[in-house]
Every structure is written in C-alpha cells, then in structure tokens.
Amino acid sequence: MKRLSVTRLGVVLVGFVMGGCAQLAGPDDSGWVTLLDGSKGLENWARVGSANWDIVAGVLQADKKSGKENAFLVSKDSYDDFVLRVEFWASDDANSGVFIRCQDATKITDKSCYEVNIYDRRPDPSYGTGAIVNFAKVSPMPKAGGRWNTYEITAKGTQLVVVLNGRKTVELDDRSFAAGPVALQYGSGVVKFRKVQIKPL
C-alpha cells in the first residue's frame, strides 16, 4: 500500500510540475511574436517624426519631440487579423496611443488608422484612454497615468475589441481598415513601452 501511495504521489507531482511549466510558458510558445522587449532594439520599427525614442534599462521611452507633429514608431510588417498585447506606462499628462491597420506607413493619423488612445487628459474624454478615436467612445473613461498597464487589442475581420488591464473598454464593428502596420505614438508627456507582442489569427 505504501509503495502504491508513493507511486500515486509521484504521478500527482509530475502532473503538477508539468502543469506548472505549461502555465509558466511564455507567450512566444503559443503563436505570439515579440515585436519589442528589453532585449530587442528597434529593428522591427521605422521612425516617423522626431521623438527621442530610446531603450533605457530594457524599456523603450520618449519624453520630448522636435516640432509640433506627433511622432511614431511604425512596424515594418503589416497585419490583418491579430491579437496585440502592449505593456505601457504613461505620465498623467501623456498623449500617446496604439495605432493599428494603418493605411500609410509614412503618415499616421486617427483618420487613416484605428487609434486605441492613451490620453487621460483629452479635452473630450469620450475618445480618451480606452477608446478608438473617431469610432468607439468609452464611458466612463479609465485612467492609465502613473502606472504600468496592458492593452490587449483584438482585430478579426470587421470586429475590434479593446481590453485595458483585463477589462473591456470598447468594441467595434467597422470595415474602414482591413490591414496595415501597427504604430506606437509619442505626443507629449512621458511614454514608455515595455513589451509589444502580436499573435496573428
């Protein structure tokens, strides 16, 4: 009986360890592609505008730009259907955003892309943090300033869903933009991106 109990215990422990390993496996093990993290430079991105993007202690950040125009990092690849995960930090006064399915990689705007906003102090908060500017209003507007946050943005066909820190902020059914690169915006304040990963669907 003791031998049988030990055998059963061994099986349980092996199952527990294997289950734990599965849970600890990184996103890259399940179809995720890392576009940005502390170990990568900006080889996956093209610069548009003049923000002082730099990787400091494993984090991409910017806190100033030259001129009035917003600045961007634009992915070199184009995507249609995907889940995008973005870990970001923004100061309370920051103006930033994650742009998807952009139609012109050299001219990023909220009229040629879907812009998932990061802008706690936007004069019209209905299109502030958590909203898709011009397309899907958020109410009440969540605030992201002063801490690390995670966006999970799903784009599948005409369906778009935005989740901020595990809570859905907006969803949209729209066919304006079917595919295009992803872009990270610097407008004002301090903006940091710790990790950007995409999973094609």
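Within each chain, residues carry numbers counting from 1 in the order of the written sequence. Given that this is a predicted model, residues contribute local features only at a pLDDT of at least 70 and side-chain atom pairs are listed and counted only at 80 or more, while totals for whole chains, interfaces and linings are drawn from all residues. Only heavy atoms go into the side-chain values, all of them from the structure, while hydrogens and water stay out.

Caption draft 1: Structural context of the overall build of the protein. A count of helices and strands for the protein gives one helix and 13 strands. A run of H or I in DSSP becomes a helix once it reaches four residues, and a run of E becomes a strand once it reaches two; helices and strands are each numbered from the N terminus. When the elements of the protein are put in sequence order from the N terminus, they spell out α-β-β-β-β-β-β-β-β-β-β-β-β-β. Buried residues are those whose accessible area, probed at 1.4 Å on protein chains only, stays under 20% of the maximum for their type, while exposed residues exceed 50% and partly exposed ones sit between those limits. Residues counted as buried form 43% of the 201 residues belonging to the protein. The contacts of the protein with a sequence gap of at least 6 include a subset with a gap of at least 24, amounting to 64%. Of the roughly 10,600 Å² of accessible surface on the protein, a fraction of 53% belongs to carbon and sulfur atoms. When checking whether two residues touch, look at their non-hydrogen atoms; a contact exists if any pair is within 4.5 Å. The Shrake-Rupley method, run with a 1.4 Å probe sphere, supplies the accessible areas, and residue values consider only the shown protein chains as cover.

Caption draft 2: Main features of the packing of aromatic side chains. Ring pairs are drawn from Phe, Tyr and Trp, using the six-membered ring of Trp, whenever the two centres fall within 6.5 Å, and their geometry is named by plane angle: stacked under 30 degrees, edge-to-face over 60, tilted for the rest. The tally for this structure, following the rule as stated, stands at eight aromatic pairs. Measuring from ring centre to ring centre gives 6.3 Å for Trp53 and Phe193, while their planes differ by 45 degrees; the resulting arrangement is tilted. Taken as a pair, Trp53 in the loop between β2 (45–48) and β3 (54–56) and Phe193 in strand β13 (residues 191–200) lie far apart in primary sequence, 140 residues in all. Comparing Trp53 with Phe193, the two get one shared label, buried. Among the aromatic residues, ring-to-ring pairing joins Trp53, Tyr186 and Phe193 into one connected group. Lying across the ring of Trp32, Arg85 places its NZ or CZ 3.9 Å from the centre. Here the guanidinium or amino end of Arg194 rests over the ring plane of Trp148, the centre of that ring lying 4.1 Å away. In this analysis the charged atom, NZ for Lys or CZ for Arg, is taken to sit over a ring once it is within 6 Å of the ring centre and within 35 degrees of the ring normal.

Caption draft 3: Inspection of the state of the cysteines at higher detail. The definition used for a disulfide is geometric: two cysteine sulfur atoms within 2.5 Å. Taken as a whole, this structure holds one disulfide when the rule is applied. In this model, Cys102 is linked to Cys113 through a disulfide, with the two sulfur atoms separated by 2.4 Å. Between Cys102 and Cys113, the S-S dihedral sits near 120 degrees, and the bridge is therefore right-handed. Taken as a pair, Cys102 in the loop between β7 (95–100) and β8 (114–118) and Cys113 in the loop between β7 and β8 lie far apart in primary sequence, eleven residues in all.

Caption draft 4: Representation of the confidence of the model for the protein. Model confidence for the protein is summarised by a mean pLDDT of 89, while 86% of its residues fall at 70 or above. Here pLDDT means the predictor's own confidence in every residue, given as a number from 0 to 100. Considering only residues more than four positions removed or in separate chains, one finds that residues 1–28, a stretch of pLDDT under 50, has six contacts.

Caption draft 5: Structural context of unusual backbone geometry. Cis rather than trans, the peptide bond between Ser139 and Pro140 has omega equal to -5 degrees. Within the secondary structure layout, Pro140 lies in the loop between β8 and β9 (148–156). Positioned with a positive phi, Arg101 is a non-glycine residue whose angle comes to about 50 degrees. Among the residues examined, Arg101 registers a relative accessible area of 0% and is labelled buried. Here Asn165, not a glycine, exhibits a phi torsion of approximately 50 degrees, which is positive.

Caption draft 6: How the structure looks around the sheet that holds strand β5 (residues 71–75). Strand order in the open sheet made by the five strands is β2-β5-β12-β7-β8, with antiparallel pairing throughout. One side of each edge strand has no neighbouring strand; the edge strands of this open sheet are β2 and β8. Each strand of the sheet is rotated relative to its neighbour by a mean of 20 degrees, with strand direction disregarded. Between any two strands, pairing holds if DSSP finds at least two bridges. Sheet analysis places β5 next to strand β12 (residues 183–188), joined by four bridges and oriented antiparallel. Residue Val74 lies in a different strand from β12, and its bridge partner there is Ala183. Between the N-to-C directions of two axes lies an angle of 0 to 180 degrees, each axis being a line fitted to C-alpha atoms and, for a helix, fitted only over the stretch in contact.

Caption draft 7: The pattern of salt bridges, seen in detail. Whenever a carboxyl oxygen of Asp or Glu lies within 4 Å of a side-chain nitrogen of Lys or Arg, that contact is scored as a salt bridge. Inspection of the entire model under this criterion finds six salt bridges. For Asp110, the salt bridge goes to Lys111, with nearest N and O atoms at 3.5 Å. Given the relative accessible area of 65%, Lys111 is considered exposed.

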